[in-house]
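# Inside the fold
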Amino acid sequence: MKIIRLEKKSNFNKAYIYKSPIGDLILKTDESFQYITSLEFELKNTDIIEYEEPSIIKKLKKELDEYFKNTLKKFSIPLAVYGSDFQYNVWIETSKIPFGKIVTYSDIAKIVSNKKGSISRAVGTAEGKNKIAIIIPCHRVVGVNKKLTGYAGGLYKKEYLLKLEGFDIVNSKIIMK
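Notes on the structure in this doc start here. (Residues numbered from 1 in each chain as written. Predicted model: local features only at pLDDT ≥ 70, side-chain atom pairs only at ≥ 80, totals over all residues. Heavy atoms only, no water.)

## Overview of unusual backbone geometry
In this model, Phe33 sits at a positive phi of 60 degrees, which is unusual for a non-glycine residue. Within the element layout of this structure, Phe33 appears in the loop between β3 (23-29) and β4 (36-40). With relative accessibility at 29%, the residue Phe33 sits in the partly exposed group. The backbone phi angle of Ile134 is positive, close to 70 degrees, even though this residue is not glycine. Checked against the element boundaries, Ile134 lands in the loop between α4 (120-128) and β8 (141-142). For Ile134, a relative accessible area of 1% gives the class buried. (Helix = DSSP H or I, 4+ residues; strand = E, 2+ residues; numbered from the N terminus. Buried < 20%, exposed > 50% of the residue type's maximum accessible area, 1.4 Å probe, protein only.)

Laid out in structure tokens, this is it:
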């Protein structure tokens, strides 16, 4: 999967709907229709719903179908993100987490920062600004005690995605086998 960093925030507001088992997902591309720039859980009042889908949206929908059928383990769709250096580094590390695996916020913090002390909260904040949920799999990032913590779509969606990937979860905590 290719991830590029945009120099400026896109105001391209054409949106496409994907009906998923966890509700509607809002898909967006860049203006050239070469990269996915957003996969979010809520439609914003500035979004313009489009019905004629460019090929990248068709490809993403096909990959999402396969993911939710549990036959796709790794997305191949090209992505474009906008954020700070730190956010970009967090998202790149998050994109490396394989299907069926989890890491903690502190695991990512250790990789992206050479600072001493805990920057786990900063990692959590960066994950919260991830505009490309599921594909940049921030649902695979959990607390140090394997507890599920914040998720833009709600914890029940994070739990659904992790269960889809084979995890046992009780009281919002991953039970290791």
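## Details of the pairing of β4
Burial analysis of β4 places 5 of its 5 residues in the buried class, which makes it a mostly covered element. Bridge count for β3 against β4 is 4 bridges, and the pairing is antiparallel. Directly across from Lys28, in β4, lies its bridge partner Ser38. Hairpin geometry of β3 and β4 is characterised by an intervening segment of 6 residues between the two adjacent antiparallel strands and by a positive phi of about 60 degrees at Phe33. (Pairing = 2+ DSSP bridges.)

## What to know about the pattern of salt bridges
Taken as a whole, this structure holds 10 salt bridges when the rule is applied. Residue Glu40 pairs with Lys44 through a salt bridge whose shortest N-O separation is 3.2 Å. Since its relative accessible area comes to 16%, Glu40 is described here as buried. The shortest N-O distance in the salt bridge between Glu165 and Arg140 comes to 2.8 Å. Of this pair, Glu165 sits in the loop between α5 (155-164) and β9 (168-170) while Arg140 sits in the loop between α4 and β8; the two residues are 25 residues apart in sequence, bridging distant segments of the chain. For Glu165, a relative accessible area of 7% gives the class buried. In the salt-bridge network here, residues are joined through shared partners; they are Glu40, Lys44 and Lys131. (Salt bridge = Lys/Arg side-chain N within 4 Å of Asp/Glu carboxyl O.)

## Observations concerning the nonpolar core
Judged by nonpolar contacts, the single largest core of 41 residues is most densely connected at Leu25, Leu27, Leu39, Leu64, Tyr67, Phe68 and Ile134. Looking at which element gives the most residues to this core, the answer is helix α1 (residues 55-68), with 6 residues. By size, the runner-up hydrophobic cluster in this structure holds 7 residues, among which are Leu162, Phe167, Ile169 and Ile174. (Core = buried A, V, L, I, M, F, W, Y, C linked by side-chain atoms within 4.5 Å.)

## A word on the packing of helix α2 (residues 85-95) against helix α3 (residues 105-112)
Contact geometry for α2 and α3: axes closest at 10 Å, N-to-C directions at 120 degrees. In terms of orientation, α2 lies oblique with respect to α3. Of the two elements, α2 crosses α3, and the hand of that crossing is right-handed. Residues Phe86, Asn89, Val90, Glu93 and Thr94 of α2 form the contact with α3, whose own contacting residues are Ile108, Ile111 and Val112. Tallied by class, the residues present in the contact of α2 with α3 amount to 5 nonpolar, 2 polar and 1 charged. (Axes fitted to C-alpha atoms, helices over the stretch in contact; angles between N-to-C directions. Parallel < 35°, antiparallel > 145°, perpendicular 65-115°, else oblique. Left-handed = near helix turned anticlockwise from the far one by under 90°. Contact = heavy atoms within 4.5 Å. Nonpolar A, V, L, I, M, F, W, Y, C, P; charged D, E, K, R; others polar.)

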